[in-house]
Amino acid sequence: MCGIVGYIGEKQAAPILVEGLRKLEYRGYDSAGIAISGENVTVVKEKGRIDNLQAEIDKVYPVGTIGIGHTRWATHGIPDHINAHPHTSMNGIVTLVHNGIIENYIEIKNELKEKGYVFKSETDTEVIAQLFDNLFNGNPVETMINVASRVEGSYAVAMIVKGFSDRVFTMKKDNPMIIGKGNGENFIASDIPAILPYTKDCYIVKDNDFVELTKDGITVYGLDGKEKEIEINSISMSVDAAQKNGYDYFMEKEIYEQPKAFRDTVSPLIKDGRIVLPFEFPQGFTKKLNRIHIVACGSAYHVGMTAKYIIEDMARIPVIVDIASEFRYRNPILNENDLCIFVSQSGETADTLASLRESKARGAFTMSIVNVLYSTIARESNGVIYTNAGAEIAVATTKALMAQLGVCYVLAAFLAHEKGLMGDDILHQFTDEILAIPEKIERTLTTDDITKEISGYIKDRHSMFFIGRGIDYPLCLEGSLKLKEISYIHSEGYGAGELKHGTISLIENGTAVVAIATDDALLNKMISNIKEVRARGAFVIAVVKEGTKGIHEVADKVIYVPSASRYLMPSITVVPLQLLAYHTTVLKGFDVDKPRNLAKSVTVE
Ligand code: M6R
């Protein structure tokens, strides 16, 4: 949510900032802006996408080798030119960009107004700028520390301070920020892809770090104002990961990268038919494990729901799945025999992070399944399993979800084996089946043609339903979310047996219903449910395993997918659902990668 970049070096800053912002545009695209430091600070900002900003830059030509930039996802104030970042304080002391939310901004704003400060925008960000201006004592680091002691909420801030034109400063709390270390140049960014073309060496800024950057130095101070030792990490991600490589959209590329994402994630966890986790549970923990809580948002929550079916069935451990924004405020019952699992692509989702902290405070063992290296959720969990899906740029998640599913299969088998419910031989057989999944995903990608054809039927529908039972049910939620998220067609995912408890009244002539029926034990029940909606005029698209009998008679269109163990089917079934959403959106002419009102990383609650 909002992307920040910064550059300090010997090259012209504006092109580097704009390129960085393009890499971070998935974090928000309501407006964008840059500030270039020199004798004076030049601010260029514009409503809308980075291309609009570039057009303005082409008129102004801001010259300078130091600057900061921002791409906005609007929270406080409409997405217009005035609310766009950077914001400069009334006396011109500071110009800054911000990602996050200042919760006590009204209180501070009123105080500052009484002191004569005049505000131009509706943003909470401008409050940070004016407060810095008001507290400025000639020392930017001390002033940042004083600002941090006044503001409540979350922030990552990059700033240029008057009189310090050879430096850039940054501070953060509960929002990501990294420093890229170059040769005679340094970088600031909200996420790794923005700095990858220039350097692989980075410092992950910690909460309450106050950073002073020159072109040759990175100095980090703590809350006590003392200089800190810092550790520079080397990033393994390649520049390629953040490029489209010939595909029309990142989402399409990422769908096609799923066999690799799955393989790269599960392979390091499986050795000779046994499971090797990258961390250890406390001694004896898995034996006395009482309950598992899985907490996540959006698609990651659907992964949690899928994992519930698998873990409960295989390992006979009760699993409670929560949406993070509910979990954190519902006073959950947790103790030291509970395992809390947090699933997150970005590793920065505000509600998931807060839930993690709450669970830790209540004594539960916490583990996370995270894609972004060194992200806050990954760092703060007792144990982390990284999904090696690589950079996921499209707002709609695909390959990260696929990799998360892979981890869940492995974890379910690990727990079943630990509990003595799965012998070595069965475990070996199951891990072999997991390792065979990438090839099956590859084959499932051939549903591209039929899903494209079916998109032609659904692109003009106003409403759609996805129905399924058992392990197919969470996928209905996922297929539905994916479709509505990017194509803006209203859609709902339902347990097929639940539809007749109210929602079936919405089915009328031509309503499109995707019916997922991959579980043999539930097939006949699904066929009955399909007949029920068809009798009311629904246009039914069935998703079933190859060889399924009796489906053509009841469905208008059938998508056949390869067969796998019942537990592993979600990795297969999800592919045509993703393709359906993708092709429908392309046909409708919308921007697949950047759906309206959304951002990739939701760092506000
Ligand atoms: O980064 P996270 O996995 O924590 O994000 C969670 C959700 O915001 C995310 O899955 C969202 O629902 C996707 N845009 C769905 O495609």
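You'll find the structure just up there.
As the structure is a prediction and not an experimental result, all values here were calculated from the model.

Notes on the pattern of salt bridges
- Enumeration according to the criterion identifies 39 salt bridges in this entry.
- Between Glu 478 and Lys 482 there is a salt bridge whose closest N-O contact spans 2.8 Å. Here Glu 478 and its partner Lys 482 are both found in helix 17 (residues 472-487), four residues apart, which amounts to about one turn of the helix.
- With relative accessibility at 1%, the residue Lys 482 sits in the buried group.
- Put simply, Lys 172, Lys 173, Asp 174, Asp 207, Arg 357 and Glu 380 are held in one network by salt bridges that share partners.

Here's the deal with the site of the ligand
- Not every one of the 14 residues close to the ligand is listed here, only the nearest: Ser 344, Gln 345, Ser 346, Thr 349 and Glu 485.
- The separation between an oxygen atom of the ligand and a polar main-chain atom of Gln 345 is 2.6 Å.
- Measuring from an oxygen atom of the ligand, one finds a backbone N or O atom of Thr 397 at 3.0 Å.
- Considered on its own, the ligand offers 410 Å² of accessible surface; in the complex 90% of this is hidden by protein.
- Breaking the shell around the ligand down by element, the ones donating at least two residues are helix 9 (298-315) and helix 17.
- Class assignment for the residues of the shell around the ligand results in five nonpolar, seven polar and two charged.

Here's the deal with the sheet that holds strand 6 (residues 94-102)
- Pairing is antiparallel across the open sheet formed by six strands, whose spatial order is 5-6-7-8-12-13. Two strands lie at the open edges of the sheet, namely strand 5 (87-88) and strand 13 (218-221), each paired on one side alone.
- Relative to strand 12 (residues 210-213), strand 8 (residues 168-173) runs antiparallel, the two sharing four bridges. Across the sheet, residue Phe 169 finds its bridge partner in strand 12, namely Glu 212.

Considerations on the sheet that holds strand 4 (residues 66-72)
- Ordered by their spatial adjacency, eight strands build an open sheet running 3-2-4-1-10-9-11-14, and the pairing between neighbours is antiparallel. Each end of this open sheet is capped by a strand with a single partner; those strands are strand 3 (42-47) and strand 14 (233-234).
- Where strand 1 (residues 3-8) and strand 4 come together, six bridges link them in antiparallel fashion. Paired with Tyr 7 across the bridge in strand 4 is Gly 67.
- Here helix 2 (residues 50-60) sits on the sheet in contact with strand 2 (31-37), strand 3 and strand 4, set at roughly 140 degrees to strand 3.

Criteria and thresholds
- Residues numbered from 1 in each chain as written.
- Predicted model: local features only at pLDDT ≥ 70, side-chain atom pairs only at ≥ 80, totals over all residues.
- Heavy atoms only, no water.
- Salt bridge = Lys/Arg side-chain N within 4 Å of Asp/Glu carboxyl O.
- Helix = DSSP H or I, 4+ residues; strand = E, 2+ residues; numbered from the N terminus.
- Buried < 20%, exposed > 50% of the residue type's maximum accessible area, 1.4 Å probe, protein only.
- Near = heavy atom within 4 Å.
- Polar contact = N/O pair within 3.5 Å; in protein donor to acceptor, adjacent residues only side chain to side chain.
- Areas by Shrake-Rupley, 256 points an atom, 1.4 Å probe, with all protein chains shown as cover.
- Nonpolar A, V, L, I, M, F, W, Y, C, P; charged D, E, K, R; others polar.
- Pairing = 2+ DSSP bridges.
- Contact = heavy atoms within 4.5 Å.
- Axes fitted to C-alpha atoms, helices over the stretch in contact; angles between N-to-C directions.

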